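Architecture at a glance
Okay, here's what each chain looks like letter by letter:
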Amino acid sequence: MPKIPPLDLERQFTAIQPEISAAVASVLASGNYVGGAAVSDFEQQFAQYVGTDHCIACNSGTDALYLALRALQIGPGDEVITSPFTFIATAEVISRVGATPVFIDIDPNTFNLDPEKLEAAITPRSRAIIPVHLFGQAAAMGCLQAIATDHNLYVIEDCAQAVGATWKDQAVGGIGHVGCFSFYPTKNLGACGDGGAVTTNDPEIEAQIRLLRDHGRRGGYTYETVGVNSRLDSLQAAILSVKLRYLNRWNQQRQAAAERYDQLLQHIPGIVLPKVAPEATSVWNQYTLRITCNKSGERRDLIRQYLSNLEIASMVYYPLPLHLQPVYTALGYQPGRLPHSEQVAHEVLSLPMFPELTTIEQECVRDGLKEALAGT
Ligand SMILES: *Cc1c(COP(=O)(O)O)cnc(C)c1O
């Protein structure tokens, strides 16, 4: 059997190498390595892609979230409600601005925030919610938005894994007050290094974020607030502009690969395939299924090991929800408090997923998974 990687950025690069090389060469020849036309062009193209008035490029998805919280003046004494079943950055930035993350449980079918849990978590200190569009699928924005509006909360979308996904035909990143994107290489739109962006329709938020990402600089050497250095460099911007032109095609290829997995795996007992809500689309940053009857995660880990012995990669996102992480012990969440998040953390297994994944590779994954399930 061929070796099957979790994703394969070399295949992607090979397919578009001439264009990437030309873009890189042109930036190198321009002598403009930070800022300049490459960055502003990309910002414009990305705003257009998402359908927002503004896009501010920055250094990473983490910084995008941090800048959004800062621009909304969220800080000490404030609470921000989010998912415990996400990458650490989503909660880390809440802590970094001095606010307190409040975790609510997820819908185990979509792995996204369960809107029914939101209202009970709102207190007079709540300032914002950060829905995460996990694994590529848009979160339940309709209900979340409605409740947030009722309670005067900001909605900051963590779109790091979901560039191009929609909720009721609206692109993520343009639904809430602010959208935060990551261009880390493994995301659907990946730079050749770190990168991120914030999208918004609010000109005041835009102005604040531009100020904050450049040391709080109003212009020249006048500083209005304590900012950060979080610029996207011109090389990354030029590379992203090339890749943005392919993004819809790549997302369609991921969609097709997800449908093939659905077909190939549908009758295998002991697994639950990923579900997409009828109002949502997914851009399949991950194809994540659940291994059931798996209270401790042991069986899932054995299956993962079995696949690994066959040289089939699989990943566990995320093995321990954030409310139970050592870093958040002080928040006082006990095991059992957010049962769906805790259960799926034992069950999830992400299969190889990237636009260039072939049917033959997916059939190998199916065969390997069947064997693994039979043998464990
Ligand atoms: C990748 C990711 C981030 C952080 O993005 P970086 O560019 O790595 O800083 C934030 N949230 C989620 C859900 C992510 O997957």
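Reading the values: rules and limits
Residues numbered from 1 in each chain as written. Predicted model: local features only at pLDDT ≥ 70, side-chain atom pairs only at ≥ 80, totals over all residues. Heavy atoms only, no water. UniProt positions renumbered as here; feature names shortened; annotations may be inferred. Axes fitted to C-alpha atoms, helices over the stretch in contact; angles between N-to-C directions. Helix = DSSP H or I, 4+ residues; strand = E, 2+ residues; numbered from the N terminus. Parallel < 35°, antiparallel > 145°, perpendicular 65-115°, else oblique. Left-handed = near helix turned anticlockwise from the far one by under 90°. Contact = heavy atoms within 4.5 Å. Pairing = 2+ DSSP bridges. Patch = residues over 30% accessible without salt bridge, like charges linked within 9 Å, V, L, I, M, F, W, Y side chains within 5 Å. Areas by Shrake-Rupley, 256 points an atom, 1.4 Å probe, with all protein chains shown as cover. Salt bridge = Lys/Arg side-chain N within 4 Å of Asp/Glu carboxyl O. Buried < 20%, exposed > 50% of the residue type's maximum accessible area, 1.4 Å probe, protein only. Domains from an automatic or database assignment. Buried area = accessible area lost by both parts, 1.4 Å probe. Polar contact = N/O pair within 3.5 Å; in protein donor to acceptor, adjacent residues only side chain to side chain. Expected span 1.5 Å × (residues − 1). Arc of directions from axis to C-beta. Core = buried A, V, L, I, M, F, W, Y, C linked by side-chain atoms within 4.5 Å.

The name given to the protein in an unreviewed UniProt entry is dTDP-3-amino-3,4,6-trideoxy-alpha-D-glucose transaminase, with Acaryochloris thomasi RCC1774 as the source organism. The annotation that UniProt attaches to the protein under Sequence similarities (unreviewed entry) is "Belongs to the DegT/DnrJ/EryC1 family."

Here we take up the packing of helix 2 (residues 37-50) against helix 8 (residues 234-265). Where helix 2 contacts helix 8, the two axes come as close as 7 Å, and the packing angle between them is 25°. Between helix 2 and helix 8, the angle falls in the class roughly parallel. The handedness of the crossing between helix 2 and helix 8 is left-handed. Residues Ala38, Val39, Phe42, Gln45, Phe46 and Tyr49 of helix 2 pack against Ser234, Ala237, Ala238, Leu240, Ser241, Leu244, Leu247, Asn248 and Asn251 of helix 8.

With antiparallel pairing, three strands are arranged side by side in an open sheet as 12-13-14. The sheet is open, and its two edges are formed by strand 12 (271-272) and strand 14 (348-351), each paired on a single side. Pairing analysis gives two bridges linking strand 12 to strand 13 (residues 287-291), with the strands arranged antiparallel. Pairing of isoleucine 271 across the sheet is with isoleucine 291, part of strand 13. Packing against the sheet, helix 9 (residues 298-309) makes contact with strand 13 and strand 14, and its axis sits at approximately 20° to strand 14. Each of strand 13 and strand 14 is contacted by helix 10 (residues 339-347), which is oriented at about 50° to strand 14, the strand it contacts most.

Attention now moves to a nonpolar patch on the surface. Where nonpolar side chains cluster on the molecular surface, the patch consists of Leu28, Tyr33 and Val34 and spans about 290 Å² of accessible area. In this fold, tyrosine 33 is placed in the loop between helix 1 (9-30) and helix 2. Since its relative accessible area comes to 44%, tyrosine 33 is described here as partly exposed.

Moving on: the environment of glutamate 19. Assignment of secondary structure puts glutamate 19 in helix 1. Residue classification places glutamate 19 among the partly exposed residues on the basis of a relative accessible area of 27%. Remark: the alpha-carbon pair of glutamate 19 and lysine 243, spanning 224 residues in sequence, is separated by 9.2 Å.

Once that is clear, we can look at the domain arrangement of the protein. Here the protein is partitioned into domain 1 (9-244) and domain 2 (247-374). With centres defined by C-alpha atoms, the gap from domain 1 to domain 2 works out at 24 Å. On the side of domain 2, 39 residues touch domain 1, which itself brings 44 residues to the contact. Buried surface at the junction of domain 1 and domain 2, both sides included, amounts to about 3500 Å², of which 59% is carbon and sulfur. Its largest share of buried area at the contact with domain 2, domain 1 owes to Arg11, Phe135 and Asn188, together 20% of the area lost on that side. On the surface where domain 1 and domain 2 come into contact, there are one salt bridge. Among the salt bridges present, the one from arginine 11 reaches glutamate 361, with a minimum N-O distance of 2.7 Å. The interface formed by domain 1 and domain 2 holds 27 residue pairs in polar contact (both at pLDDT 80 or more) in total.

Helix length check: helix 2, at 14 residues, gives a terminal C-alpha distance of 20 Å against a target of 20 Å (1.5 Å per residue), a fit within 8%. Listing the buried residues of helix 2 in full gives Val39, Phe42, Glu43, Phe46, Ala47 and Val50. Viewed along the axis of helix 2, the buried residues span an arc of 135°, placing them on a single side of the element. Residues of helix 2 that are exposed and angled more than 90 degrees away from the buried face: Gln44 and Gln48. Of the residues one or two after helix 2, glycine 51 is the one with positive phi, at around 90°.

Okay, the nonpolar core next. Counting residues in each nonpolar core, the largest one holds 50 residues, and the members touching the most others are Phe42, Phe46, Phe183 and Leu189. Of all the secondary structure elements, the ones that give two or more residues to this core are helix 2, strand 1 (54-58), strand 3 (100-103), helix 5 (118-121), helix 6 (141-150) and helix 8. Top element by residues in this core is helix 2. It accounts for five residues. Discounting chain neighbours no more than four positions away, the residues touching phenylalanine 42 are Phe183, Leu189, Leu232, Ala237, Leu240, Ser241 and Leu244.

This brings us to unusual backbone geometry. Cis geometry marks the peptide bond from tyrosine 317 to tyrosine 318; its omega dihedral reads 10°. By secondary structure assignment, the location of tyrosine 318 is in the loop between helix 9 and helix 10. If you check the backbone angles, phenylalanine 111 has positive phi at about 70° while not being a glycine. Summarising the element assignment, phenylalanine 111 is placed in the loop between strand 3 and helix 5. In the Ramachandran plot, tryptophan 284 falls in the positive-phi region, its phi being about 50° despite a non-glycine side chain. Relative accessible area serves as the criterion here: at 5%, tryptophan 284 is assigned to the buried category.

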